[in-house]
Amino acid sequence: MRLQADEGYYFGIGAFETMALEDGRPVFFDWHMERLEGAVKHFGIPFERKSAEKMVWEYLDQNKERLSGHDALKTAVSEKNFVTSVRPNPYVGKDSDTKVRTAYSEIRRNETSPLTYYKTLNYAENLMEKRKAAQQGFGEAIFLNGRGEITEGTVSNVFFVKGEKLYTPPVSCGMLPGIMRAYICRSFQAEETVIRPEDIEMYDEMFLTNSLMGVMPAESLGEHQFHSVKTAQRLRRRCSPGHFQPAL
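The present account deals with the structure reproduced in this document.

Calculation rules
Residues numbered from 1 in each chain as written. Predicted model: local features only at pLDDT ≥ 70, side-chain atom pairs only at ≥ 80, totals over all residues. Heavy atoms only, no water. Helix = DSSP H or I, 4+ residues; strand = E, 2+ residues; numbered from the N terminus. Expected span 1.5 Å × (residues − 1). Buried < 20%, exposed > 50% of the residue type's maximum accessible area, 1.4 Å probe, protein only. Arc of directions from axis to C-beta. Contact = heavy atoms within 4.5 Å. Patch = residues over 30% accessible without salt bridge, like charges linked within 9 Å, V, L, I, M, F, W, Y side chains within 5 Å. Areas by Shrake-Rupley, 256 points an atom, 1.4 Å probe, with all protein chains shown as cover. Salt bridge = Lys/Arg side-chain N within 4 Å of Asp/Glu carboxyl O. Polar contact = N/O pair within 3.5 Å; in protein donor to acceptor, adjacent residues only side chain to side chain. Pairing = 2+ DSSP bridges. Axes fitted to C-alpha atoms, helices over the stretch in contact; angles between N-to-C directions.

### Looking at helix H3 (residues 49-62)
For H3, spanning 14 residues, the distance from its first C-alpha to its last is 20 Å, which sits close to the expected 20 Å at 1.5 Å a residue. Along H3, the residues classified as buried are Ala52, Glu53, Val56, Tyr59 and Leu60. Summarising the axial view, the buried residues of H3 lie within an arc of 120°, below the 170-degree limit, and thus occupy one face. Across H3 from its buried face, at more than 90 degrees, point the exposed residues Lys50, Lys54 and Gln62. The inward-facing, buried residues of H3 contact strand E1 (14-22), strand E2 (25-26), helix H2 (29-42), strand E3 (70-78) and strand E4 (82-88).

Printed below as a string of structure tokens:
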């Protein structure tokens, strides 16, 4: 498919979704398409959701021989383009006891910008901070907002655990409200609460979520080491993409 130059190409005005594929079927497909629809409508881009979903299914059917069984589906929309692609899920094959070290980003998340709350084609800042963290030996970088509150990671949402209770920053702190985040909040009664760097010592655990990784335990945030991963590992078994019934 030939891409057309438009405001998505020149200015990043557009949105995308990344979904886990299990045996060629997208996980949380309806949730992802609903979020994509909301984002492109925010930009004033005409969007026919049923037509878009049909194009995704046609793409998957045409490319079924390329699929590995555990893949990542990306769909991007701009004014003149609708692009779908597939690649292997980079989190598949990780050891069950994998933990990541995380660090604070020096860049502040802008909680006053509407773009913060959508998965837009303006994604360079996230990728650059992710790569910078990797060069420094960290698996993820965590953003603070302009008020100094923890918001999200470059490609993940953040949860903390105290006892048996889950806590996560509220969306109003400035973040993309993730699909896996929504599932965990609904299914495990996570409480939204403002969390600052000076607060993290009161928590037993920290973990990250996104649609491809499911749940990933965190070993540390900055210089603080978490002494447990018990709850995160339990949730990881229950929230891996393969645990869910894919769309039919």
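Now that the structure is up, let's keep going.
### Let's talk about a nonpolar patch on the surface
A cluster of nonpolar residues, Tyr9, Tyr10 and Phe11, forms a patch on the protein surface that exposes about 450 Å² of accessible area. Mapped onto the elements, Tyr10 comes out in helix H1 (residues 7-11).

### Some thoughts on the pattern of salt bridges
For the structure shown, the criterion picks out 12 salt bridges. Residue Arg147 is joined to Glu149 by a salt bridge in which the shortest nitrogen-to-oxygen separation is 3.0 Å. A relative accessible area of 5% places Glu149 in the buried class. The structure contains a network of salt bridges with shared partners spanning Glu37, Lys41, Arg49 and Glu53.

### What about the side chain of Glu17?
Along the chain, Glu17 falls in strand E1. A distance of 2.8 Å separates a polar atom in the side chain of Glu17 from a polar atom in the side chain of Arg35. Beyond its immediate chain neighbours, meaning those up to four positions away, Glu17 contacts His32, Arg35, Leu36, Leu73, Lys74, Thr75 and Lys119.

### Observations regarding the sheet that holds E4
A sheet is described by the order of its strands in space; here four strands give the open sequence E2-E1-E3-E4, paired in antiparallel fashion. If you trace the sheet from one side to the other, it starts and ends with E2 and E4, each paired once. Bridge count for E1 against E3 is nine bridges, and the pairing is antiparallel. Note on E3: the bridge partner recorded for Ala20 is Ala72. Relative to the sheet, H2 contacts E1, E2 and E3, its axis offset from that of E1 by approximately 175°. H3 rests against E1, E2, E3 and E4 of the sheet, and its axis sits at about 40° to E4.

Worth remembering: the numbers are spatial, not functional.
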